[in-house]
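Listed here are the chains, written in short residue letters.
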Amino acid sequence: MNASTGTYLVTGGAGFIGTNFIRHTLKLRPQWRIVCLDALTYAGNPGNLADLTKLYPGRYRFVHGSILDEALLRVIIDEETLDGVIHFAAESHVDRSILAPQAFIETNVNGTCQLLKVFQSGWEQNGKPENFRFVHVSTDEVYGTLGDTGYFTEASPYAPNSPYSASKAASDHFVRAWHHTYGLPAIVTNCSNNYGPYQFPEKLIPLMILNILEERELPVYGDGANIRDWLYVLDHCEALLTVLERGNPGETYLIGGGAEKRNLEIVHLLCDLLDRLLTRSGAQGSRGLIRFVTDRPGHDYRYAIDATKIRNELGWQPRFRFEGAIEDTVAWYLAHMDWVASIRSGEYRQWIETNYNNR
Ligand code: NAD
Ligand code: DAU
């Protein structure tokens, strides 16, 4: 872990955003090498990255293991000359955190602290290289909820409302503390809702796409009026590369898509888009599948990001428009039904039953 080699550790790289980040970065940065560390929980799929060792010989390595495993982290530090860590690994689904919060405390809080501890000591042993970066990928949910006006900024007070967001908030505080106390060159990013290829179909957009395809009910929580600020995953990946290369240690950067939509608007849009593609109309129209179900406890009403800081200081802004990127996302799922089949394990079916039956 010293002079600039362009080798980065990506934790949680077999999940949704990590997969997109690794695939995009290997393409955009031909000198870089990526080591992916992933515990392969229900959300991690090694198949997402299986072709990379052949596509990019010598530039990609997969390590199966947990960020909680101190001995394994030390082996990786000894074996690799790392320029930094991009830390995605987490339990990421709010509904799961409501039903079973313990894994969120373990992975998101203890796991992040384990990484900080090991990488800080490795960084010190290597003479504190200035170019080293620890980028912690976090969420806008740490700021709680907005009403109909206003935006989250880097100065917004923390006010997490779910066990998931509380665990991410705690991890953000530890990252900040490791920078201020020990000097670790760490940066926190907080982004809004991502969408795009490889997203696990427990989250709103892929769940609705697949349910529409299979003519299943479309479970909308509450009245569907909640608002999210949608960010195309490749825009997020490019923002993270920008932060990694140009961001200042100790800083926080908010990353948003600038595309606020109500949940019901998203579901209507997906119904209409797929109805056109599948030539469904009239009584067959997918909007008829919508069912308003019991709301998520503590459901945050609105998230919206003011991304002025990253735009003005680092020159990043989203380049994908929602209308086109959502069509590309739908097209990706239609073209990858084999991927969908491969990740719909028994665990997935059980989750769907637990969360939606009798709701
Ligand atoms: P995901 O659930 O799709 O993937 C998480 C990955 O982490 C999986 O591959 C899983 O196997 C791995 N993992 C879990 N526990 C691990 C452990 N102990 N050690 C190593 N790997 C482990 O998540 P995602 O949607 O890709 O989110 C990635 C990160 O971005 C998370 O930190 C999340 O909080 C944050 N984030 C996500 C969004 C979003 O819209 N998806 C928005 C804001 C922030
Ligand atoms: O804001 C960033 C966050 O976005 C990330 O930190 C999380 O990891 C990510 O999961 C996402 O959290 P949300 O809770 O906003 O995403 P989800 O896709 O679960 O839900 C989006 C909205 O849709 C939310 O208001 C709840 C609603 N919803 C969700 C599901 C799964 C429904 O109405 N029905 C559903 O079945």
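For clarity, every value in this text was computed on a predicted model and none was experimentally measured.

About the criteria used
- Residues numbered from 1 in each chain as written.
- Chains lettered and ligands numbered in written order.
- Predicted model: local features only at pLDDT ≥ 70, side-chain atom pairs only at ≥ 80, totals over all residues.
- Heavy atoms only, no water.
- Core = buried A, V, L, I, M, F, W, Y, C linked by side-chain atoms within 4.5 Å.
- Buried < 20%, exposed > 50% of the residue type's maximum accessible area, 1.4 Å probe, protein only.
- Helix = DSSP H or I, 4+ residues; strand = E, 2+ residues; numbered from the N terminus.
- Contact = heavy atoms within 4.5 Å.
- Patch = residues over 30% accessible without salt bridge, like charges linked within 9 Å, V, L, I, M, F, W, Y side chains within 5 Å.
- Areas by Shrake-Rupley, 256 points an atom, 1.4 Å probe, with all protein chains shown as cover.
- Salt bridge = Lys/Arg side-chain N within 4 Å of Asp/Glu carboxyl O.
- Phe/Tyr/Trp six-rings, centres within 6.5 Å; stacked < 30°, edge-to-face > 60°.
- Expected span 1.5 Å × (residues − 1).
- Polar contact = N/O pair within 3.5 Å; in protein donor to acceptor, adjacent residues only side chain to side chain.
- Near = heavy atom within 4 Å.
- Nonpolar A, V, L, I, M, F, W, Y, C, P; charged D, E, K, R; others polar.

Visitor: What exactly am I supposed to notice about the nonpolar core here?
Guide: As a rule of thumb, soluble globular proteins bury nonpolar side chains together. Membership of the largest hydrophobic core comes to 81 residues, with the highest contact counts inside it found for Ile22, Leu270 and Ile310. The element contributing the most residues to this core is helix H8 (residues 233-246), with 8 residues. Setting aside its immediate chain neighbours within four residues, Ile22 contacts Val10, Gly13, Ile34, Cys36, Leu49, Leu52 and Tyr60. Membership of the second largest hydrophobic core comes to 24 residues, among which are Leu72, Leu115, Trp178 and Val188.

Visitor: Help me understand a nonpolar patch on the surface in this model?
Guide: Where nonpolar side chains cluster on the molecular surface, the patch consists of Leu277, Leu278 and Leu334 and spans about 230 Å² of accessible area. By the element assignment, Leu278 lies in helix H9 (residues 263-278). Judged by relative accessible area, Leu278 falls into the partly exposed class, the value being 31%.

Visitor: It is not clear to me how the packing of aromatic side chains should be interpreted in this structure. Could you clarify?
Guide: For any two aromatic rings, the description comes down to two numbers: the centre-to-centre distance and the angle of the planes. The tally for this structure, following the rule as stated, stands at 21 aromatic pairs. On the basis of an interplanar angle of 85° and a centroid distance of 5.5 Å, the ring pair of Phe200 and Tyr348 is categorised as edge-to-face. With a gap of 148 residues between them, Phe200 in the loop between strand E7 (194-195) and helix H7 (204-213) and Tyr348 in helix H13 (residues 346-356) connect regions that are remote in the sequence. As far as burial versus exposure is concerned, Phe200 and Tyr348 are alike and both buried. Among the aromatic residues, those joined into a cluster by ring pairs are Tyr195, Trp230, Tyr232, Phe320 and Phe322.

Visitor: Would you explain the environment of Phe320 in this entry?
Guide: Looking at the secondary structure, you find Phe320 in the loop between helix H10 (308-314) and helix H11 (322-335). Apart from the residues within four sequence positions on either side, Phe320 is in contact with Tyr232, Leu234, Asp235 and Ala325.

Visitor: How should H8 be read in this particular structure?
Guide: What sets the pattern is the α-helix's 3.6 residues per turn: residues three or four places apart point alike. Its 14 residues place the ends of H8 20 Å apart at the C-alpha level, agreeing with the 20 Å of an ideal helix rising 1.5 Å per residue. Burial analysis of H8 places 12 of its 14 residues in the buried class, which makes it a mostly covered element. Taken as a whole, H8 has its buried residues at Val233, Leu234, Asp235, His236, Cys237, Glu238, Ala239, Leu240, Leu241, Thr242, Val243 and Leu244.

Visitor: When you look at the environment of Asp172 in this model, what are you seeing that I'm missing?
Guide: Summarising the element assignment, Asp172 is placed in helix H6 (residues 163-182). Remark: the alpha-carbon pair of Asp172 and Val188, spanning 16 residues in sequence, is separated by 6.7 Å. Look past the residues within four positions of Asp172 in its chain and what remains in contact with it is His136, Ser138, Val142, Tyr158, Val188 and Asn190. Engagement of the side chain of Asp172 in a polar contact is seen with the side chain of Ser138, the distance being 2.8 Å.

Visitor: Explain the site of ligand 2 here, please?
Guide: Around ligand 2, the structure places 25 residues, and the nearest of them are Asp140, Tyr164, Arg296, His299 and Tyr356. One of the side-chain nitrogen or oxygen atoms of Glu141 is found 2.8 Å away from an oxygen atom of ligand 2. One of the side-chain N or O atoms of Asn193 is found 2.8 Å from an oxygen atom in ligand 2. Its free accessible area being 680 Å², ligand 2 has 95% of it covered by the protein chains. Put simply, the parts of the chain that give the shell around ligand 2 at least two residues each are helix H4 (94-99), H7 and strand E8 (218-221). Top element by residues in the shell around ligand 2 is E8. It accounts for 3 residues. Of the residues in the shell around ligand 2, the class split is 10 nonpolar, 8 polar and 7 charged.

Visitor: Before we go on, may I ask you to explain the pattern of salt bridges in this structure?
Guide: Side chains bearing opposite charge may pair, as long as their charged atoms lie close to each other. As enumerated under the stated definition, the model contains 20 salt bridges in all. As a salt-bridge pair, Arg96 and Glu202 come within 2.7 Å of each other at their nearest N and O atoms. Taken together, the positions of Arg96 in helix H4 and Glu202 in the loop between E7 and H7 put the pair 106 residues apart, joining distant regions of the chain. Here Arg96 matches Glu202 in class, with each residue buried. The salt bridge involving Lys203 is made with Glu202; its shortest N-O contact spans 3.7 Å. Residues Lys203 and Glu202 agree in their burial class; the two are buried. Overlapping salt bridges, with partners in common, bring together Arg33, Arg61, Glu79 and Glu80 in one network.

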